[in-house]
Amino acid sequence: MIRALPTLFLPRRRLLQLGLGATLASTAGLVRVSRADEPAELKDEDIFQFALNLEYMEAEYYLRGTTGKGIDDADAGGDAGAVTGGKQVSFDTPAVGEFMSEVAENELAHVRFYRKTLGDDAVSRPAIDFDAGFAAVAKAAGLGEDFDPFGNEMNFVLGGMLFEDVGVTAYAGAATVLKNEEFLAAAAGILAVEAYHMGMARSTLYRMGETAWKAAAAVSDARDKIDGSDDKDQGLQLEGKANIVPSTPDAIAFTRTPQEVLRIVYLTDQEGATKGGFYPNGMNGTITST
């Protein structure tokens, strides 16, 4: 049973980050192709389940990097998949370590929020593979075979940017499809927090200098090659200037569909894929196919 939301000023953030957070619409309107294995019309609960899958991944990433361990069994669900990879990062800059710890707490709060809201319909954590996922990202972006997102603070923030940028674009699309006003209010709050995360990650990387700029641009380009035909990614520089806020010419956040988000986290440009990349067995719930 789906539990009714109390006045939703509860944990905020990321409803669908759907990649890493959310999902679903183009700037002009919702663009979606139904498949035989998906309902013709998505329910709000389907979107929340999709978001929960992504929140599991983000929470595991940040918790492992800041504490050395992931989500407790009590927060992972009764049929939780295994998590491969991840270790505590040695932060050279105390402020960066504090930033990342705050993000970890936020992401864990999101997991708990979705599980509480969905009740018995909350999906368990799917299998997550950071080793295979980031190896594929590094290969596609030309970062080198020895790239380790947990190896130093720059790499860790770079890995976080991979999730945060996608989450913001996903949440921007969610507002066009959510029907329940309280769910929509939660999505708006989560979008704001995800944007705070993204701004922090991008500005932190920008201050790290040219090496970080080039790595971020490579990740952005690689991500843009697999998510679809539209150019929705921007690096840390645009026309030789800082580009902390990637957006349209009207300063509006880009949107991504669930399928575009899944292409990024499954690390594939193929239609109909149901697993891969960071999710070796695919996501749990209704929205699972690119």
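Residues numbered from 1 in each chain as written. Predicted model: local features only at pLDDT ≥ 70, side-chain atom pairs only at ≥ 80, totals over all residues. Heavy atoms only, no water.

## Remarks on the environment of Arg-223
Thought 1: You can see Arg-223 is positioned in helix H7 (residues 210-227).
Thought 2: A residue is classified by how much of its surface remains accessible, and Arg-223, at 2% relative accessible area, is buried.
Thought 3: If sequence neighbours within four positions are ignored, Arg-223 has contacts with Met-161, Leu-162, Asp-165, Val-166, Asp-233, Arg-256 and Ile-264. (Helix = DSSP H or I, 4+ residues; strand = E, 2+ residues; numbered from the N terminus. Buried < 20%, exposed > 50% of the residue type's maximum accessible area, 1.4 Å probe, protein only. Contact = heavy atoms within 4.5 Å.)

## Looking at helix H5 (residues 153-174)
Structurally, the α-helix is built with 3.6 residues per turn, so residues lying three or four positions apart point the same way.
Thought 1: Taking 1.5 Å as the rise per residue, H5 with 22 residues should run 32 Å; its terminal C-alpha atoms sit 31 Å apart, in good agreement.
Thought 2: Across the 22 residues that make up H5, a large majority, 22, are buried.
Thought 3: Where H5 begins, the side chain of Asn-152 points an oxygen toward the backbone nitrogen of Met-154, at a separation of 3.1 Å. (Expected span 1.5 Å × (residues − 1). Polar contact = N/O pair within 3.5 Å; in protein donor to acceptor, adjacent residues only side chain to side chain.)

## What to know about the side chain of Thr-169
Thought 1: Mapped onto the elements, Thr-169 comes out in helix H5.
Thought 2: Looking at Thr-169, the relative accessible area reads 7%, which means it is buried.
Thought 3: Here Arg-256 takes part through its side chain, which lies 2.9 Å from a polar atom of the side chain of Thr-169.
Thought 4: Filtering out sequence-adjacent residues up to four positions away, Thr-169 remains in contact with Phe-254, Thr-255 and Arg-256.

## With respect to the packing of aromatic side chains
Thought 1: Applying the stated criterion across every chain yields a total of 21 aromatic pairs.
Thought 2: Ring centres 5.0 Å apart and planes at 80° place the aromatic pair Phe-134 and Phe-278 in the edge-to-face group. Here Phe-134 is found in helix H4 (residues 130-141), whereas its partner Phe-278 is found in the segment after helix H8 (258-266), with 144 residues between them in sequence. The pair formed by Phe-134 and Phe-278 is uniform in burial state, with each residue classed as buried.
Thought 3: Consider the rings of Phe-150 and Phe-156, whose centres lie 5.8 Å apart with planes at 45°: the pair is tilted. Take Phe-150 and Phe-156: they sit in the same class, and that class is buried.
Thought 4: Counting every residue linked through ring pairs, the aromatic cluster contains Tyr-61, Tyr-62, Phe-91, Phe-130, Phe-134, Phe-150, Phe-156, Phe-163 and Phe-278. (Phe/Tyr/Trp six-rings, centres within 6.5 Å; stacked < 30°, edge-to-face > 60°.)

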